[in-house]
Amino acid sequence: MKLWISALKNNHIPQRVLLASHARDLCCYTLNHNTNLFSNRTRRVSNRTRFTAKQFLSADKTCRELSTSFSKETAIQNILLEENKLRTLEMIPKMRSIVTNEKVSVGAAVLVPLCTVKGVPSVLFTLRSSRLRSHQGEVSFPGGMCDSTDRDVIHTALRETEEELGIPSSTVDVWGPLKPIPDRRNTMTVVAVLGNVGEVDPAKLKLSPREVAAVFPLSFSHLLDPARQRYTTMKRRHDNYSYTMPVWLGGLHRVWGLTAIMLDQVLVAMATDWYRTVLRSSWRQRR
């Protein structure tokens with residue numbers, strides 16, 4: 001910033017600023033024209049500034065870094081658009097199942113509320129109330145047990161979301177269900193349903209105090225930042241089944257457990273170019 005102020009005051013742009021600016025122009029040219037930075041054609045475009053081989057290498061590295069950064073930022077900004085919705089729905093059937101007991105049935109469903117908060121693509125999370133019988137104070141998605149009157153898991157997820165957050169079912173753009181996930185005891189499966197709830201002001205949501213203590217969003221930029229991602233390994237004692245699952249840090253609350261496994265599914269489906277799952281599982285024979 002100081003460099004630009006100095007340049008403006010003296011009506012002079014230093015050579016290093018010109019070089020960086022011209023490197024950016026070359027990046028745009030090479031990307032738009034599908035050509036190589038070192039090609040004769042690109043060199044002719046750069047005739048207004050003479051580059052040494054070292055400067056070209058530096059510019060090429062800068063170009064690649066800028067290209068990756070811009071591509072990821074653009075992808076995140078467009079992650080809730082119809083084009084990515086269709087791509088996500090194509091990806092879901094290709095995802096591997098982590099159900100270890102095919103005999104268990106679906107017992108619960110949650111909605112993964114995709115949203116924008118002040119225009120920023122995000123995911124909305126809930127903090128479970130201390131009044132609940134289990135998992136008090138843990139991060140979760142709105143949802144619950146399937147009722148006999150529910151038509152399907154989508155109906156369950158929408159009904160529970162309206163009860164917990166006051167978001168009308170009719171306003172949710174349902175994308176579709178993800179793969180079933182077994183609960184901790186492997187006695188039933190839980191299905192996460194993707195749904196876009198649009199622009200949200202968390203402070204204005206009508207929460208059910210009996211079920212929800214608070215809500216908070218995490219942006220896709222945050223969730224796709226490797227610096228925010230960790231993992232932990234757990235083992236079930238009753239059947240010696242071990243699994244490695246992701247953990248997200250850096251927000252108001254830690255995202256882990258079943259919610260983190262669901263979030264892993266979401267990112268694999270929606271941002272396959274920018275996210276690599278750490279979810280692993282294995283059986284170990286008892287001694």
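Every residue gets a number counted from 1 within its own chain, in the order that chain's sequence is written. In keeping with the model being predicted, local features are shown solely for residues with a pLDDT of at least 70 and side-chain atom pairs are shown and tallied solely at 80 or more, while totals for entire chains, interfaces and linings include all residues. Only heavy atoms go into the side-chain values, all of them from the structure, while hydrogens and water stay out.

**A few points about the overall build of the chain**
No. 1: Helix numbers and strand numbers start at the N terminus; a helix is a DSSP run of H or I with at least 4 residues, a strand a run of E with at least 2. A count of helices and strands for the chain gives 8 helices and 11 strands.
No. 2: Out of the 287 residues in the chain, the part that is buried amounts to 44%.
No. 3: Residues are treated as being in contact if the distance between any of their heavy atoms lies within 4.5 Å. Long-range pairs, those at least 24 residues apart, make up 64% of the contacts in the chain with a sequence separation of at least 6. Only protein chains enter the accessibility calculation, which uses a 1.4 Å probe; a residue is then buried when its area is under 20% of its type maximum, exposed when over 50%, and partly exposed in between.

**Digging into helix α6 (residues 153-165)**
No. 1: Under the convention used throughout, the expected extent of a helix is 1.5 Å for every residue step, that is, one less than its residue count. Here α6 is 13 residues long and its end C-alpha atoms lie 18 Å apart, about the 18 Å a rise of 1.5 Å per residue gives.
No. 2: In this structure, the buried residues of α6 make contact with β1 (106-117), β2 (120-128), β4 (143-145), β5 (173-177), β7 (189-199) and β8 (212-219).
No. 3: N or O atoms within 3.5 Å of each other form a polar contact, as long as, within protein, one can give a hydrogen and the other can take it, and as long as residues adjacent in sequence are counted only when both atoms are side-chain atoms. Where α6 starts, the residue carrying a side-chain oxygen 3.2 Å from the main-chain nitrogen of I154 turns out to be D152.
No. 4: The first or second residue beyond α6 is G166, which carries a positive phi of 75°.

**A word on the packing of helix α5 (residues 82-91) against helix α8 (residues 257-270)**
No. 1: Contact geometry of α5 with α8 gives a least axis separation of 8 Å together with a crossing angle of 115°. With respect to each other, α5 and α8 are oriented roughly perpendicular. Taking contact as the criterion, the partners of N84, T88 and M91 in α5 are, on α8, V268, A269 and M270.
No. 2: Considered class by class, the residues forming the contact of α5 with α8 number 4 nonpolar, 2 polar and no charged. All axes are obtained by fitting lines to C-alpha atoms, using only the stretch in contact for helices, and the reported angles, taken between N-to-C directions, cover 0 to 180 degrees. Angles are sorted into four bins: roughly parallel if under 35 degrees, roughly antiparallel if over 145, roughly perpendicular if 65 to 115, and oblique for all others. For this classification, the nonpolar set comprises Ala, Val, Leu, Ile, Met, Phe, Trp, Tyr, Cys and Pro, the charged set comprises Asp, Glu, Lys and Arg, and every other residue, Gly included, is treated as polar.

**Overview of α8**
No. 1: An ideal rise of 1.5 Å per residue puts 20 Å on 14 residues; α8 measures up with 20 Å between its terminal C-alpha atoms.
No. 2: With 13 of its 14 residues buried, α8 lies for the most part within the structure.

**Some thoughts on the pattern of salt bridges**
Any two side chains of opposite charge can pair, given that their charged atoms come close.
No. 1: We define a salt bridge as a side-chain nitrogen of Lys or Arg found within 4 Å of a carboxyl oxygen belonging to Asp or Glu. For the structure on display, the rule yields 8 salt bridges.
No. 2: Between K85 and D173 there is a salt bridge, with its nearest N and O atoms 3.1 Å apart. Placement of K85 in helix α5 and of D173 in strand β5 is noted, with a sequence separation of 88 residues between them.
No. 3: Residue K85 is classed as buried on the basis of its relative accessible area of 12%.
No. 4: Shared partners join several salt bridges into a network, and the residues in it are D147, D150, R159, E160 and E163.

**So, the packing of aromatic side chains**
No. 1: Only rings of Phe, Tyr and Trp enter the pairing, Trp through its six-membered ring, and a pair is recorded when the two centres are within 6.5 Å. The plane angle decides the type: under 30 degrees is stacked, over 60 is edge-to-face, the rest tilted. Per the stated rule, a full pass over the model turns up 3 aromatic pairs.
No. 2: Consider the rings of F125 and F216, whose centres lie 5.6 Å apart with planes at 15°: the pair is stacked. With F125 in strand β2 and F216 in strand β8, the pair connects residues that are 91 residues apart, well separated along the chain. Pair check on accessibility: F125 and F216 agree, each one buried.

**Concerning unusual backbone geometry**
As a rule of thumb, non-glycine residues mostly have phi less than zero, and peptide bonds are mostly trans rather than cis.
No. 1: With a phi angle near 55°, K118 is a residue other than glycine that sits in the positive phi range.
No. 2: Structurally, K118 can be placed in the loop between β1 and β2.

**A word on the side chain of T88**
No. 1: Along the chain, T88 turns up in helix α5.
No. 2: Apart from the residues lying within four places of it in its own chain, the contact partners of T88 are W175, L194, A269 and M270.

Nothing here speaks to function; it is all geometry.
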